[in-house]
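# A structural walkthrough
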Amino acid sequence: MASPCATSAPEAALGVLPRSDGSAKYSHAGYTVTASVNGPIEAQRKDENPYEAFVDVIVRPAAGVGGTRERHLESILQSSLSHIILIKNFPRCLIQIVLQIEDTPENDYVNTKLVQASLNFAIMPALFQTAVLALLSAGVPMRATAAATAVAVVPQDGVKKTVVDPSPRDIEIAQSVHVLAFTSHGELLLAESEGDFTVKEWDGIYETAKKTCCHSTPAKDGMEMVLDEEASAGPDMRHFLRSTMESKVAADLYWK
Amino acid sequence: MPREVEPSLNEKQFVLQALQENLRLDGREIDQYRPLELTFGDQYGVADVTLGKTRVLAKASAEVTVPYTDRPLDGIFTIATELSPMTSPAFELNRPTETEVLLSRLLEKTVRRSNALDTESLCLIAGQKCWSVRVDVHVLSHDGNLIDAACFAVVAALRHFRKPDTSMEGGVLTVYTPAEREPVPLSWLHSPFCITWSFFGDQGEIALLDATWVEEQIRVASCTISLNRHGEICQIAKLGGTPVDAVALLQCSGVALTKAKEFSTYLDGKLAEDTKKRNKGGLLAELSAENDR
């Protein structure tokens, strides 16, 4: 079995689906998600809001039917994405985001129940990131971009260790799992936690997550310095979003 | 929900007239498929099929459950096709459209009822435990000829899939995790493929293979032939009101056979390539605890 490396760099492609307004495929830490965004389109009567657009998020598991866990993830994503999309610009409209999970890292030590799909928290960053990339690809006006990361506190040899982008094995033994998202201005957008933890631990997690999501690259520092920092802090999500968009725009405008 | 845009009268006339002059909008031959591409995922049982701009992802999975009381010796095999709004905003969740019902019916008839997967081999303890194999078909992008692409994806996913190995000792069933024993392939009997012909014109005199979305909206009838590479026909579904000449249908099934053979060779090649990629150092045969039949 080819088990994906947990520390692998994220990969993304924009505009992968020809028939939707915007789409993105994103894979990181063993998770692969494809998203399509259609919007602003006509909303159903029941979803219509005279003051703002309705953001509809649909999470579809790779295998099995979605249940309450998927609905829970959808509601979390919906509320945090509504904050960054300029929904007031499109009254009575619908912005539809469909997230199709393609791959999740498998735990080789457990036989998974698949017919009733049950997602865990660790997939949240992948879902969030894909949604943001697809929204960018669809050209939906947003207040800021955002990046998310998952952090787990894993007890190891009596010492608590913070793990960024935990593997299914890590989550199984973790004391607490946290998902945090930050906007490109460095503001906290989403904080969801599961398990036991203290306030002090959470502060540490906040710092780690913030560093991953939006550590600003100091302009005056040398290139070597930056590389060192990146190696220790894992992938820099903000930079990643930016470079993905840059390469997409460069490819689209190559004739200019 | 927004409705799909129908082609305008001008567009319809243009496509039809071009077809009468033996021309297709994308410059293909009458019996030529768009480039078919198949990629397997990192996991077993994930097949991503691209046919032009149509893209279908199929994922096979298995778990141990209780068999149906009326079929204690059979395992459970289901194909789930649900078109999400990702395919087109016109599709709604939990509200099946005609396209979706037709697709699931045809896949059911082609793969399940033709006994492509031996369901008896999925039985573990008669009446108590069996494997439930499920294939989820996700349509990511729909640009015509969904049926052929979906059927190919389902067959590819099932043939690529490996279920956990099991053993029975003294009435105790053990299901091994992938870390303990290398998973085993399903007992697969034959590979059926769907070939869809679309008919155009007042008498349905023009026949096309692999219609695009625009062509599908204009066609007067369609005929889906499911067959394997030995020419054994699993089902024929002729849909649409316009009658089609019987001799024309015979010719269609003749061409369908050559296409099914091409599909079969392509799939075999891809599967062999994937096995070779996974089998680094040739140790997979030693890991397997399965006996040859």
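Residues numbered from 1 in each chain as written. Chains lettered and ligands numbered in written order. Predicted model: local features only at pLDDT ≥ 70, side-chain atom pairs only at ≥ 80, totals over all residues. Heavy atoms only, no water.

As annotated in an unreviewed UniProt entry, chain B carries the name Exosome complex component RRP45 and comes from Cladorrhinum samala. Recorded in UniProt under Sequence similarities (unreviewed entry), the annotation for chain B is "Belongs to the RNase PH family." (UniProt positions renumbered as here; feature names shortened; annotations may be inferred.)

Under an unreviewed UniProt entry, the name given to chain A is Exoribonuclease phosphorolytic domain-containing protein, and the source organism is Cladorrhinum samala. Recorded under Subcellular location (unreviewed entry), the UniProt text for chain A is reproduced unchanged: "Nucleus". Of the comments in the UniProt record for chain A, the one headed Sequence similarities (unreviewed entry) reads "Belongs to the RNase PH family."

## Observations concerning the pattern of salt bridges
It is possible for side chains of opposite charge to pair when their charged atoms get near one another. All names here are of chain B. The final tally for this structure, using the stated rule, is 25 salt bridges over all chains. For the salt bridge of aspartate 210 with arginine 34, the shortest nitrogen-to-oxygen distance reads 3.0 Å. Of the two residues, aspartate 210 is situated in the loop between strand S12 (206-209) and helix H4 (213-218) and arginine 34 in the loop between helix H1 (9-20) and strand S1 (36-40); the sequence distance between them amounts to 176 residues. Judged by relative accessible area, which is 0%, aspartate 210 ranks as buried. Note on arginine 34: relative accessible area 6%, which makes it buried. One salt bridge in this structure joins aspartate 274 and arginine 278, with 2.9 Å as the shortest N-O distance. Placement of both aspartate 274 and arginine 278 in helix H5 (residues 246-278) is noted, with a separation of four residues, approximately one turn of the helix. You can call aspartate 274 buried: its relative accessible area is 6%. (Salt bridge = Lys/Arg side-chain N within 4 Å of Asp/Glu carboxyl O. Helix = DSSP H or I, 4+ residues; strand = E, 2+ residues; numbered from the N terminus. Buried < 20%, exposed > 50% of the residue type's maximum accessible area, 1.4 Å probe, protein only.)

## Digging into the UniProt feature "domain: Exoribonuclease phosphorolytic" (unreviewed entry) in chain B
All names here are of chain B. Taking the numbering used here, the UniProt-annotated feature "domain: Exoribonuclease phosphorolytic" (unreviewed entry) corresponds to residues 32-164 and 191-257. End C-alpha atoms of residues 32-164 are separated by 40 Å, and the span's content is 23% helix alongside 35% strand. Within residues 191-257, the helical portion is 27% and the strand portion 39%, while the C-alpha atoms at the span's ends are 13 Å from each other.

## With respect to the interface of chain B and chain A
With 36 residues of chain B in contact, the opposing surface of chain A contributes 36 residues. Across the chain B/chain A interface, buried area totals approximately 3400 Å², and carbon plus sulfur atoms make up 55% of it. Joining chain B to chain A, the criterion identifies three salt bridges. Two residues, A:Arg60 and B:Glu82, come together in a salt bridge whose shortest N-O distance is 3.5 Å. Our count for the chain B to chain A interface comes out at nine residue pairs in polar contact (both at pLDDT 80 or more). Looking at the side of chain B that touches chain A, the elements that each hand over two or more residues are strand S3 (54-65) and strand S6 (129-141) of chain B. (Contact = heavy atoms within 4.5 Å. Buried area = accessible area lost by both parts, 1.4 Å probe. Polar contact = N/O pair within 3.5 Å; in protein donor to acceptor, adjacent residues only side chain to side chain.)

## So, the packing of aromatic side chains
Residue and element names in this part refer to chain B. One pass over the structure, following the stated rule, counts eight aromatic pairs over all chains. Relative to tyrosine 266, the ring of phenylalanine 152 lies with its centre 6.2 Å away and its plane at 25°, an arrangement referred to as stacked. One end of the pair, phenylalanine 152, is in helix H3 (residues 146-160); the other, tyrosine 266, is in helix H5, and 114 residues separate them in sequence. Of the residues examined, tyrosine 266 reaches a relative accessible area of 26% and is grouped as partly exposed. Taken together through their ring pairs, the aromatic side chains of Tyr33, Phe152, Phe193, Phe263 and Tyr266 make up a single cluster. (Phe/Tyr/Trp six-rings, centres within 6.5 Å; stacked < 30°, edge-to-face > 60°.)

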